[in-house]
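# Summary of structural features
As a plain string of letters, each chain reads:
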Amino acid sequence: MSLALSLALRELRGGLQGLRLLAVCLILGVAALAGVGSLSSAISAGLAERGQLILGGDIEARLSGRFATEDEVAQLAALGPVSEVAKLRGMASNPANEERTYAEIKAIDANWPLYGSFRMDGGDRVEPGSVALSTALADKLALRTGDAVVIGSLPLKVGGIIVEEPDKAGDGLGFGPNLLMARADLEATGLLGPGSQYSSRYRVRLPPGTDLAATTKGLEAAAPDAGFQFRDATNGAPSTQRFVNNLGQFLTLVGLTALVVSGVGVAGGVSAYLGARTRTIATLKTLGADSALVRAIYLWQIGLVTLGAIVVGLGLGSLAPWAVASFAADSLPVPPSLTPQWGALAASAAYGLLIALMFALWPLAEAAKMPAARLYRSLTERKARPGGGTIAVIVLAAIAIVAITLLRAGDTPFVFAFLGAAIGLVLLLWALASGVRAVAARAPRPRNMLLRLALGNLHRPGAPTRQLVMALGLGLTLFATLATIESNFSGQINRTIPDKAPSFFVIDVPREGIEGFRTAIAGVAPGAEMTVVPSLRGPVTAVNGVPAGEIKANDEAWILRGDRGLSYAAEFPQANTLVSGTWWPKDYAGPPLISLDDDAAKALGLKIGDSLTVSVLKKDRLAVARLQFRDPVRARRARSRTAWLDGDCRRRARAGAWRSARCRPDLSHGIDHPRQGRDRPGERTARPAFGGHPGGGIGDGGGGDCGSDRRACFGRAGTHL
């Protein structure tokens with residue numbers, strides 16, 4: 001055993017008094033980082049482990065607004081067993097008490113599920129003529145197993161209440177409680193009329209060992225224009241994964257900031273500890289110990305306490321997935337993996353070591369470099385500045401922290417901005433502390449002794465002014481940042497909701513049923529105003545001729561993910577602002593034009609005159625980008641409105657000439673933008689039937705025309721009743 005380690009251990013036998021602050025700061029900081037990192041990694045691992053269950057197969061081919069042809073299904077079936085699932089929304093009602101509600105409908109075939117097991121309290125199979133209801137839907141409609149329920153216009157029997165649905169996490173957020181029904185019964189519900197918004201999904205179970213990426217690319221190449229969207233089990237829930245990654249990254253940066261704040265406490269704790277050991281250090285130097293030996297002795301002590309604190313912090317942080325799984329499992333998309341997340345723990349340990357090294361070396365070098373004679377009067381002596389080697393190690397530790405953060409970052413520009421702001425804040429606080437010392441030194445001496453001593457202690461040799469300013473500044477900035485973010489989120493939500501929100505939303509109203517619906521509304525709510533918004537949906541398949549699957553876009557390119565809402569208009573929509581281009585004239589007759597949200601245009605690098613291809617029902621396309629718009633009143637509402645069609649499309653729609661306009665006929669409609677008040681008591685009793693479309697119905701309104709939902713916009717609309 002080396003002399004330095006032997007002396008360090010001998011001195012530590014007297015206890016950790018003086019190093020407790022160092023230990024507590026590191027335990028708290030490392031535990032926070034380890035907990036956040038472990039939980040994020042555990043959820044990601046849970047998503048990966050359950051990829052097949054979440055997706056419902058090894059590969060999923062999704063279509064919007066149509067079902068696959070026999071040839072397309074045969075091509076998928078050549079790879080392995082295929083399960084067909086249809087997803088849509090519609091009305092569910094209890095004929096016994098006339099209660100109705102909007103429901104998320106999943107129609108499944110006999111092969112479902114390909115992975116996992118389905119259970120309900122009435123069995124394990126949804127037979128034709130029956131449905132399985134979620135607990136929320138059964139409670140809302142007061143239904144039990146064996147009762148009658150009407151889906152659309154089709155009476156069915158409640159076969160059971162869902163206990164376990166293996167691919168539920170992959171369905172994403174819904175607008176109502178869910179139910180399962182047999183695929184064979186779907187057409188009889190009347191929910192698949194022209195313009196109905198639904199998706200069909202074909203899950204394939206592949207033989208073990210099949211290369212998922214190569215198989216997916218082969219399917220995409222075989223049907224480039226069919227409108228399929230392919231996913232595989234390695235990314236069964238991409239939106240959930242993005243949310244977990246972004247939240248984990250944000251919380252990690254917050255935790256790292258807190259650890260930096262605790263690093264100031266580390267520096268203060270080490271300085272106080274070494275100050276208490278001044279006579280010991282002076283005695284060692286008097287007996288012949290050089291600065292290197294003194295530095296090594298106390299570096300061993302600080303290092304041992306640091307390692308112990310990090311181990312305790314890692315132990316506490318590693319319990320986070322277990323604690324969340326035990327007490328909040330229902331609030332998570334999937335149960336987190338309970339195996340140790342070594343990558344997150346290693347990163348947290350590295351952060352703790354580097355922070356301790358960066359903040360402890362400076363006061364340690366100052367104490368070790370001071371001569372023995374000056375150590376006896378160290379409180380009044382100016383401490384020697386550490387040498388270049390010590391400063392180089394501190395800088396390298398800071399660079400290592402930045403490098404680890406960037407390597408683990410999912411959004412590199414955001415992390416760069418965060419780190420740049422953090423470094424700028426540290427420099428600003430350091431300059432502020434220096435300014436406080438300089439002003440205190442030059443200020444007139446007060447006559448009051450207490451004030452004179454307080455002012456002198458701000459600039460005396462060894463004064464902790466810099467440490468105090470840094471600690472208080474970083475801590476207050478962290479709290480202010482979190483408060484600002486929370487306030488910003490609340491403000492965004494409040495600005496998104498208009499002053500007069502719709503009382504009710506009605507969707508899937510067929511065009512031929514609009515007048516009947518207006519008559520029904522006038523009968524139950526005279527004077528109510530409503531806005532009818534045409535609506536259809538389809539995915540963006542190409543940008544300037546480049547297939548969407550080949551575009552390397554960042555997370556801001558949300559327009560490429562899933563179906564987008566489309567509408568048409570001759571006049572410029574109110575409450576929006578033109579950013580570039582001009583709106584087409586009312587009597588426009590020419591090539592199809594499109595207007596889209598400016599954020600979407602920036603994410604894809606689009607400019608006036610570029611082309612955008614959208615698959616609607618089959619292969620219909622929209623082309624030239626004419627302008628972009630922004631809605632400053634309702635925040636990000638425009639994001640849901642991916643595109644507006646030109647007025648010529650509107651005229652051709654009314655004339656039925658949709659094919660020539662590359663649009664589709666028989667658009668469904670929604671109701672939007674009320675002009676008076678909110679809900680009034682007793683008005684939810686209205687249950688008009690209109691247009692013969694069983695998918696149309698009345699449901700509770702939320703606010704705005706689309707809110708912040710990016711997946712559905714013009715399929716939802718509202719009116720005040």
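When you line up the elements, Ser38 lands in helix H2 (residues 20-49). In contact with Ser38, other than residues within four places in its own chain, are Gly317, Ser318, Pro321, Gln341, Ala344 and Leu345.

Right, let's talk about helix H6 (residues 212-222) for a bit. Three or more residues of H6 are buried, namely Leu212, Thr215, Thr216 and Leu219. Summarising the axial view, the buried residues of H6 lie within an arc of 100 degrees, below the 170-degree limit, and thus occupy one face. Facing away from the buried side of H6 by over 90 degrees, the exposed positions are Lys217 and Ala221. The inward-facing, buried residues of H6 abut strand E1 (59-64), helix H4 (70-77) and strand E10 (229-232).

Here we come to the pairing of strand E7 (residues 154-164). Bridge analysis of strand E4 (residues 119-120) against E7 gives two bridges, and the strand direction is antiparallel. Residue pairing across strands places Met120 opposite Ile162, the latter belonging to E7. As paired strands, strand E5 (residues 130-133) and E7 are joined by four bridges and run parallel to one another. In the sheet register, Leu133 faces E7, and the bridge partner there is Ile161. The sheet contact formed by strand E6 (residues 148-151) and E7 spans four bridges and is antiparallel. Counterpart to Val150 in the pairing with E7 is Pro155. In sequence, E6 turns back onto E7 through a hairpin of two residues, with Gly152 there showing a positive phi of about 65 degrees.

Moving on, we come to the confidence of the model for the protein. Per-residue confidence for the protein gives a mean pLDDT of 75; residues scoring 70 or more make up 77%. When the criterion is pLDDT under 50, residues 618-623 qualifies, and its contacts beyond four places in sequence or with other chains add up to 26 contacts. Below pLDDT 50 for its whole length, residues 625-642 participates in 101 contacts with residues either more than four positions away or in separate chains.

The full count for this structure, using the stated rule, is six aromatic pairs. Through successive ring pairs, a cluster of aromatic residues spans Phe572, Trp583 and Trp584. One cation-aromatic arrangement involves Arg66 over Phe228; the distance from NZ or CZ to the ring centre is 5.9 Å. Taking NZ or CZ as reference, Arg205 lies 4.3 Å from the ring centre of Tyr115, over its face.

Before going further, it helps to examine unusual backbone geometry. Going from Trp112 to Pro113, the amide bond is cis rather than trans, its omega being -5 degrees. Along the chain, Pro113 turns up in the loop between strand E3 (99-108) and E4. One non-glycine residue, Glu98, lies in the positive phi region at around 60 degrees. Relative to the helices and strands, Glu98 is located in the loop between strand E2 (82-94) and E3.

Attention shifts here to the pairing of E2. Along a regular strand, successive side chains alternate from one face of the sheet to the other. Most of E2 is tucked away: twelve of the 13 residues are buried. Of the strand pairs in this sheet, E2 and E3 are connected by ten bridges, and their pairing is antiparallel. Each residue of the ladder has a partner; that of Val85, found in E3, is Ile108. Between E2 and E3, which pair antiparallel in sequence order, lie four residues; one of them, Glu98, sits at a positive phi of approximately 60 degrees. The pairing of E2 with E6 spans two bridges and is classified as antiparallel. Its bridge partner lying in E6, Ser93 is registered against Val150.

Scoring rules and cut-offs
Residues numbered from 1 in each chain as written. Predicted model: local features only at pLDDT ≥ 70, side-chain atom pairs only at ≥ 80, totals over all residues. Heavy atoms only, no water. Helix = DSSP H or I, 4+ residues; strand = E, 2+ residues; numbered from the N terminus. Contact = heavy atoms within 4.5 Å. Buried < 20%, exposed > 50% of the residue type's maximum accessible area, 1.4 Å probe, protein only. Arc of directions from axis to C-beta. Pairing = 2+ DSSP bridges. pLDDT = per-residue confidence, 0-100. Phe/Tyr/Trp six-rings, centres within 6.5 Å; stacked < 30°, edge-to-face > 60°. Lys NZ or Arg CZ within 6 Å of the ring centre and 35° of its normal.

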